[in-house]
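Inside the fold
These are the residues of each chain, in order.
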Amino acid sequence: MSRKFFVGGNWKMNGSKKVADELLGNLVKGPLDPNVEVLIGVPAIYLDVVREKAPCNIYVAAQNCYKTEKGAFTGEISPSMLKDIGIDWVILGHSERRQIFQETDTLIAEKVNHALESGLSVVACIGETLEEREAGQTEAVVAKQIKAIKEKISNWQNVVIAYEPVWAIGTGKTASPQQAQDVHKILRKWLSDEVNETVAKTTRIIYGGSVTSSNCKELAKECDIDGFLVGGASLKPEFVEIVNANQ
């Protein structure tokens, strides 16, 4: 069953109106592989302006949202607010949310569930730390994280899973194609065993962790790697090459 290649660029807490225009200009210039779904995760303050300027072949995503529609949650934004300004995607569970802001598996799962119920599509991030990998706990950690999500949702149709080894984010270290493929294969088998075979075959599992133009083509060759979630390189012209990794 064919899974459409998916490449997301996570701008994180970077940019300005000027930078956003430059990054969009680079993507418009492309050319981008028409067989790839492209997403850019934009700081909340620029979501509206970027969505208005982005061409229709580029999805614009929030980098976070909360688990309820409204309320006394200072500084948070809700899925309904995102929908109100025409945003259809959100990135949830990024390792920086887990590590720096101490978001738990349960909270992330609740946020994924509410986002899906509100009509958003979700890039749900999971991944192990260096200590967990060195202790041989990679499989147990990612299974625990994805299990928390599975317990809160019933429909996987609008979910993209991003496997992001924490030790490879912003460090310049990248999982080898085989290391990444091994975990993606484990995740797909988990979906088959714990959800169902159709979800396992159709859900896209993308890799995030210091993806660059120099390593993307090798990673893209692996059968269970369906794309990338790109951090630093999404702020550079080489992002176009990463989008086109399958060509």
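Scroll up to find the structure this text is about.
Description of the structure in this document. In this text, all values refer to a predicted model and were calculated from it rather than measured experimentally.

1. A few points about the pattern of salt bridges
Under the definition given, this model contains 17 salt bridges. Across the salt bridge formed by Glu 151 and Lys 147, the nearest N and O atoms sit 2.5 Å from each other. Residue class for Glu 151 comes out exposed when judged on its relative accessible area of 52%. Here Lys 147 falls in the partly exposed class, since its relative accessible area comes to 42%. For Lys 221, the salt bridge identified is with Glu 218, shortest N-O distance 3.0 Å. When salt bridges with common partners are traced through the structure, they connect Arg 3, Arg 188, Asp 224 and Asp 226 into a single cluster.

2. Comments concerning the packing of helix α5 (residues 105–117) against helix α7 (residues 138–150)
At their nearest, the axes of α5 and α7 sit 8 Å apart, and the two run at 40 degrees to each other. The angle between α5 and α7 falls in the class oblique. Considering how the two elements wind past one another, α5 and α7 form a crossing that is right-handed. Across from Asp 105, Ala 109 and Val 112 in α5, the residues of α7 making contact are Lys 144, Gln 145, Ala 148 and Ile 149.

3. Section: the state of the cysteines
Evaluated as defined, the whole model comprises 0 disulfides. With no disulfide of its own, Cys 125 lies closest to Cys 65 among cysteine sulfurs, the gap being 12 Å. On the accessibility criterion, Cys 125 (1% relative accessible area) is buried.

4. Focus: α7
Helix length check: α7 (13 residues) gives 18 Å between terminal C-alpha atoms against 18 Å at 1.5 Å per residue, within 8%. Among the residues of α7, Thr 138, Val 141, Val 142, Gln 145, Ile 146, Ala 148 and Ile 149 are the ones counted as buried. Along the axis of α7, the buried positions cluster into a sector of 150 degrees, meaning they face one direction only. The elements touched by buried residues of α7 are α4 (95–99), α5, β5 (121–126), α6 (130–134), β6 (159–163) and α8 (177–194).

5. Examining the packing of α7 against α8
Running from amino to carboxyl end, α7 crosses α8 at an angle of 45 degrees, the nearest separation of the two axes being 10 Å. On the basis of their axis angle, the class for α7 and α8 is oblique. As for how α7 packs across α8, the hand of that crossing is right-handed. Listed contacts from α8 to Thr 138, Glu 139, Val 142, Ala 143, Ile 146, Lys 147 and Lys 150 of α7 are Val 183, Ile 186, Leu 187, Trp 190, Leu 191 and Glu 194. Residue classes in the contact of α7 with α8 are distributed as 8 nonpolar, 1 polar and 4 charged.

Cut-off values and rules
- Residues numbered from 1 in each chain as written.
- Predicted model: local features only at pLDDT ≥ 70, side-chain atom pairs only at ≥ 80, totals over all residues.
- Heavy atoms only, no water.
- Salt bridge = Lys/Arg side-chain N within 4 Å of Asp/Glu carboxyl O.
- Buried < 20%, exposed > 50% of the residue type's maximum accessible area, 1.4 Å probe, protein only.
- Axes fitted to C-alpha atoms, helices over the stretch in contact; angles between N-to-C directions.
- Helix = DSSP H or I, 4+ residues; strand = E, 2+ residues; numbered from the N terminus.
- Parallel < 35°, antiparallel > 145°, perpendicular 65-115°, else oblique.
- Left-handed = near helix turned anticlockwise from the far one by under 90°.
- Contact = heavy atoms within 4.5 Å.
- Disulfide = S-S within 2.5 Å.
- Expected span 1.5 Å × (residues − 1).
- Arc of directions from axis to C-beta.
- Nonpolar A, V, L, I, M, F, W, Y, C, P; charged D, E, K, R; others polar.

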